[in-house]
Amino acid sequence: RAGVGMDNIDVEYARSKGIDVINTPAASSRSVAELAMAHMLTLTRSLQITNRSLQNPESFNALKKQLSSSTEVKGKNLVLIGFGRIGSELAKMALALEMKVLVVDPFINSAEVRLTLGDQQVDYELSIIDKNEALGLADYISLHAPFLGEAILGEQEFKLMKKSCIIINTSRGENIDEDALLHALDKGMIASAGLDVFQNEPNINNRLINHPKISLSPHIAASTQEAQLRIAAELVDKIIALRNLLVN
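For every chain, the first residue of the written sequence is number 1, and numbering continues from 1 onward in sequence order. Given that this is a predicted model, residues contribute local features only at a pLDDT of at least 70 and side-chain atom pairs are listed and counted only at 80 or more, while totals for whole chains, interfaces and linings are drawn from all residues. To obtain the side-chain values, all non-hydrogen atoms of the structure were used and water was disregarded.

A separate point is unusual backbone geometry. With omega at 0°, the peptide bond leading from E201 into P202 counts as cis. Helix and strand assignments follow DSSP, with helices taken as H or I runs no shorter than four residues and strands as E runs no shorter than two, numbered in order from the N terminus. With respect to the secondary-structure elements, P202 resides in the loop between β7 (192-195) and α9 (206-209). One non-glycine residue, S46, adopts positive backbone phi at about 60°. As for its position among the elements, S46 is in the loop between α2 (29-44) and α3 (47-53).

Here's what the structure looks like:
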């Protein structure tokens, strides 16, 4: 079976029973990156507020005035924490929007993306910098790293960020200390957050659900029609290759 939705415990258990586990990590990278960008743009223009508030016609003019000072993403610093397939895809989208992309990843020595512009391809080298330095420069932070036992963003990290910083998490819910995030939002230490993953899913903290500075989605980043087709095709290829290996 596919490794989609399986954690390390599931995988190890299956393998202990002699069951081959096939993962398809590349198939959904584009889909996850697109949802991360969707949250970025939503929060930049405060659409999470208007989607909740415009049901009341009396709020129309007040919201129009309140949100007239929104900004653009062009020229802003996007910090990618983790630069695998998904981070690379998001970097390409951000560069197309004329953002500046910085990479935090202790496991790589260089970060390069290939942009396709019409019938031309351009290789673009990204800067890799220290995490603490990056947090202070970031206008946006997007998490694309596995959970390694402790939160990537917690109380100390939020203290280093700009008050205008926007956080996006499509990786693992445990990568953000949710209590520290709520404190940072309530105290104006950061601007907002877009979350597709949570601790204790599906029992999400109600304070996250109802917070006006948070854009939410129900762990759907990898769930698109195109991704499912790519997963199916990749699975078929890998199953055939595994079968041929076993037969030979």
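Turning to the pairing of strand β6 (residues 166-169), a few remarks are in order. Whether a residue is buried, partly exposed or exposed follows from its accessible area with a 1.4 Å probe, protein chains only, as a fraction of its type maximum: under 20%, in between, or over 50%, in that order. Of the two faces of β6, the one lined by I166 and I168 and the one lined by I167 and N169 are each fully buried. In short, DSSP must find at least two bridges between two strands for them to pair. Relative to β6, strand β5 (residues 140-143) is paired through 4 bridges, and the arrangement is parallel. Residue pairing in the sheet places Y140 in a bridge with I166 of β6. As paired strands, β6 and β7 are joined by 4 bridges and run parallel to one another.

In this section: the sheet that holds strand β1 (residues 77-81). Taking strand neighbours across the sheet as the criterion, the 8 strands line up as β3-β4-β2-β1-β5-β6-β7-β8 in an open arrangement whose pairing is mixed. Whereas interior strands pair on both sides, the edge strands pair on one side only; in this sheet they are β3 (111-117) and β8 (214-216). Shown here is a sheet whose adjacent strand axes are inclined to one another by a mean of 25°, direction ignored. Sheet topology places β7 next to β8; 3 bridges connect them, and they run parallel. When the bridges of β8 are listed, L195 appears paired with L216. To get an axis, a line is fitted to the C-alpha atoms, and for a helix only the part in contact is used. The angle between two axes follows their N-to-C directions and goes from 0 to 180 degrees.

This brings us to the layout of surface pockets. Think of a 1 Å grid over the protein atoms and nothing else: a 1.4 Å probe that fits but is trapped marks a cavity, an open set flanked by protein within 12 Å on at least five of seven lines marks a pocket, and residues with an atom within 4 Å of a point count as lining. Grid points are joined across faces, edges and corners, and a volume is the space filled by probe spheres set on the points. Estimated volume of the second largest pocket: approximately 400 Å³. Contributing to the lining of the second largest pocket are 19 residues, with L43, T44, T71, I166 and A191 lying nearest its centre. Elements represented by at least two residues in the lining of the second largest pocket include exactly α2 and α3. When residues are sorted by character, Ala, Val, Leu, Ile, Met, Phe, Trp, Tyr, Cys and Pro go into the nonpolar class, Asp, Glu, Lys and Arg into the charged class, and all the rest, Gly among them, into the polar class. A breakdown of the residues in the lining of the second largest pocket according to their chemical character gives 7 nonpolar, 9 polar and 3 charged.

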